[in-house]
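Here is what each chain is made of, one letter per residue.
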Amino acid sequence: IDQRVHVIARWTRTARTALQMDAVGAAPGFYCDESLVGTNSIGLAAGTRGTALVRGFEHYADAFTHITCASQAVIDPLTGQLLGVVNMTIVDPAPWELMTALVGRVVHETQQRLLDAAGSRSTALYERFLEARRHSKGPIAAVDGSSLYTNAAGGRYVASSDREALWAWAQACVHRQG
C-alpha cells in the first residue's frame, strides 16, 4: 500500500482466487482508503496503525458482504513508520477465528526480518525500548549513535531523519547532568 492505502502487491494461490479478488477490488491499482470505499480491514489497519477484522456483514459496500478480511499494519521497528498492511481475505462462511492471529504472525516475522536486515548494533537499547513500549501508550523514542526506535505514537513526532539531532540532544543532556 502507499499513503493513500493503494494496493501495490497481492498474492493468491490460484488464478480463480485472483479473479475473485479482482471482482471485489483487492488487486494492485485499487484503493482501500475508507473515505473512498467504506469500511474495510485494510483501510482500518492502515488508519489505526493496528489490527482490524471486518466480517462480511460489517462491510459498508454490498460487494464485500460475502468476504471476511483480517489486516494488520506493518510498522518499521526502527522508525515507527507505516510500511504497509498484511491482509488475509476469505469467503464467508469459512472459519475466521484464527485470521487475526495468522496475520499477526506474518507481521511479527516481517518486523523481525526488518530488524535482522538492519543489523541492529544495540540489542540492549532495542530490548529496553520493547519493555518501555509494553508499559506505555504515549510516545516513545529510544536513540543511540546508530539506531532510533519509536512506537506508533512516537512515530508521529519523530522521523528516522531526526536520529542524529535526537542523539546529539540526548548526549548534551547526559553531559549536563554528569
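The structure we're discussing is the one just above.
Because the structure is a prediction, the values reported are computed rather than measured. (Residues numbered from 1 in each chain as written. Predicted model: local features only at pLDDT ≥ 70, side-chain atom pairs only at ≥ 80, totals over all residues. Heavy atoms only, no water.)

### Thoughts on the packing of aromatic side chains
Next up, step 1: Inspection of every chain in the model, using the stated rule, returns 3 aromatic pairs.
Next up, step 2: Ring centres of Phe129 and Tyr149 lie 5.7 Å apart, and the angle between their planes is 25°; on these two criteria the pair is classed as stacked. Remark: Tyr149 occurs in strand S5 (residues 148–150) and Phe129 occurs in helix H5 (residues 123–134); sequence separation between them is 20 residues. Across this residue pair, the class does not change: Phe129 and Tyr149 are buried.
Next up, step 3: An aromatic cluster is built from Tyr126, Phe129 and Tyr149, whose rings are joined through pairwise contacts. (Phe/Tyr/Trp six-rings, centres within 6.5 Å; stacked < 30°, edge-to-face > 60°. Helix = DSSP H or I, 4+ residues; strand = E, 2+ residues; numbered from the N terminus. Buried < 20%, exposed > 50% of the residue type's maximum accessible area, 1.4 Å probe, protein only.)

### A word on the environment of Ser160
Next up, step 1: Along the chain, Ser160 falls in the loop between helix H6 (152–155) and helix H7 (163–177).
Next up, step 2: If we ignore the near neighbours within four places in the chain, the residues touching Ser160 are Thr79 and Leu148. (Contact = heavy atoms within 4.5 Å.)

### Some details on the state of the cysteines
Next up, step 1: Under the defined criterion, the tally for this structure stands at 0 disulfides.
Next up, step 2: Cys32 carries a free sulfur, and the closest cysteine sulfur to it, the one in Cys69, is 8.8 Å from it.
Next up, step 3: Given the relative accessible area of 7%, Cys32 is considered buried.
Next up, step 4: We classify Cys69 as buried; its relative accessible area is 9%. (Disulfide = S-S within 2.5 Å.)

### Some details on the sheet that holds strand S3 (residues 82–91)
Next up, step 1: In space, the 3 strands of this open sheet follow the order S1-S2-S3, with antiparallel pairing throughout. For this open sheet the edge positions go to strand S1 (51–54) and S3, each flanked by a neighbour on one side alone. Strand-to-strand twist of the sheet, defined as the mean angle between neighbouring strand axes without regard to direction, takes the value 15°.
Next up, step 2: Relative to S3, strand S2 (residues 67–75) runs antiparallel, the two sharing 9 bridges. The partner of Thr68 across the bridge, within S3, is Ile90.
Next up, step 3: The strands touched by helix H3 (residues 41–48) within the sheet are S1, S2 and S3, with S2 carrying the most contacts at an inclination of about 25°. (Pairing = 2+ DSSP bridges. Axes fitted to C-alpha atoms, helices over the stretch in contact; angles between N-to-C directions.)

### What about the environment of Tyr31?
Next up, step 1: Examined against the element boundaries, Tyr31 turns out to sit in the loop between helix H1 (15–23) and helix H2 (34–37).
Next up, step 2: Considering only alpha carbons, one finds Tyr31 and Thr51, 20 residues apart in sequence, at a separation of 18 Å.
Next up, step 3: If we ignore the near neighbours within four places in the chain, the residues touching Tyr31 are Arg4, Val5, His6, Leu36 and Val37.

### Brief notes about the side chain of Asn40
Next up, step 1: Structurally, the position occupied by Asn40 is in the loop between H2 and H3.
Next up, step 2: With relative accessibility at 8%, the residue Asn40 sits in the buried group.
Next up, step 3: Within the local environment of Asn40, its side chain forms a polar contact with the backbone oxygen of Cys32, the two atoms lying 2.9 Å apart.
Next up, step 4: Of note is the side chain of Asn40, whose polar atom sits 3.2 Å from the backbone nitrogen of Ile42.
Next up, step 5: Among all residues touching Asn40, those that are not within four sequence positions of it are Cys32, Asp33, Glu34, Val54 and His59. (Polar contact = N/O pair within 3.5 Å; in protein donor to acceptor, adjacent residues only side chain to side chain.)

### Regarding the pairing of S2
Next up, step 1: With 9 of 9 residues buried, S2 lies mostly within the body of the structure.
Next up, step 2: Bridge count between S1 and S2: 4 bridges; the pairing is antiparallel. Residue pairing in the sheet places Ala52 in a bridge with Ser71 of S2.

### Focus: the nonpolar core
Next up, step 1: Counting residues in each nonpolar core, the largest one holds 9 residues, listed as Leu78, Leu115, Leu125, Tyr126, Phe129, Leu130, Ile140, Ala142 and Tyr149.
Next up, step 2: For this core, the element with the most residues is H5, which contributes 4 residues.
Next up, step 3: Core analysis: the second largest hydrophobic core is formed by 8 residues, Val7, Cys32, Ala45 and Val85 among them. (Core = buried A, V, L, I, M, F, W, Y, C linked by side-chain atoms within 4.5 Å.)

### A word on the layout of surface pockets
Next up, step 1: The computed volume of the largest pocket comes to approximately 760 Å³.
Next up, step 2: Along the walls of the largest pocket sit 26 residues, with Ala9, Arg10, Trp11, Met21 and Asn87 positioned nearest its centre.
Next up, step 3: Contributing elements (two or more residues each) for the lining of the largest pocket: H1 and S3.
Next up, step 4: With 9 residues, the single largest contributor to the lining of the largest pocket is S3.
Next up, step 5: Looking at the lining of the largest pocket residue by residue, the classes come out as 17 nonpolar, 7 polar and 2 charged.
Next up, step 6: In this structure, the second largest pocket occupies an estimated 360 Å³ of space.
Next up, step 7: Lining the second largest pocket are 21 residues, with Gln72, Ala73, Ile75, Gln111 and Arg133 positioned closest to its centre.
Next up, step 8: For the lining of the second largest pocket, the elements supplying multiple residues, two or more each, are S2, helix H4 (99–118) and H5.
Next up, step 9: Looking at which element gives the most residues to the lining of the second largest pocket, the answer is H4, with 5 residues.
Next up, step 10: Residues belonging to the lining of the second largest pocket are distributed by class as follows: 7 nonpolar, 10 polar and 4 charged. (1 Å grid on protein atoms, 1.4 Å probe; cavity = no way out; pocket = protein on both sides within 12 Å on 5 of 7 lines; lining within 4 Å. Points joined across faces, edges and corners; volume = space filled by probe spheres on them. Nonpolar A, V, L, I, M, F, W, Y, C, P; charged D, E, K, R; others polar.)

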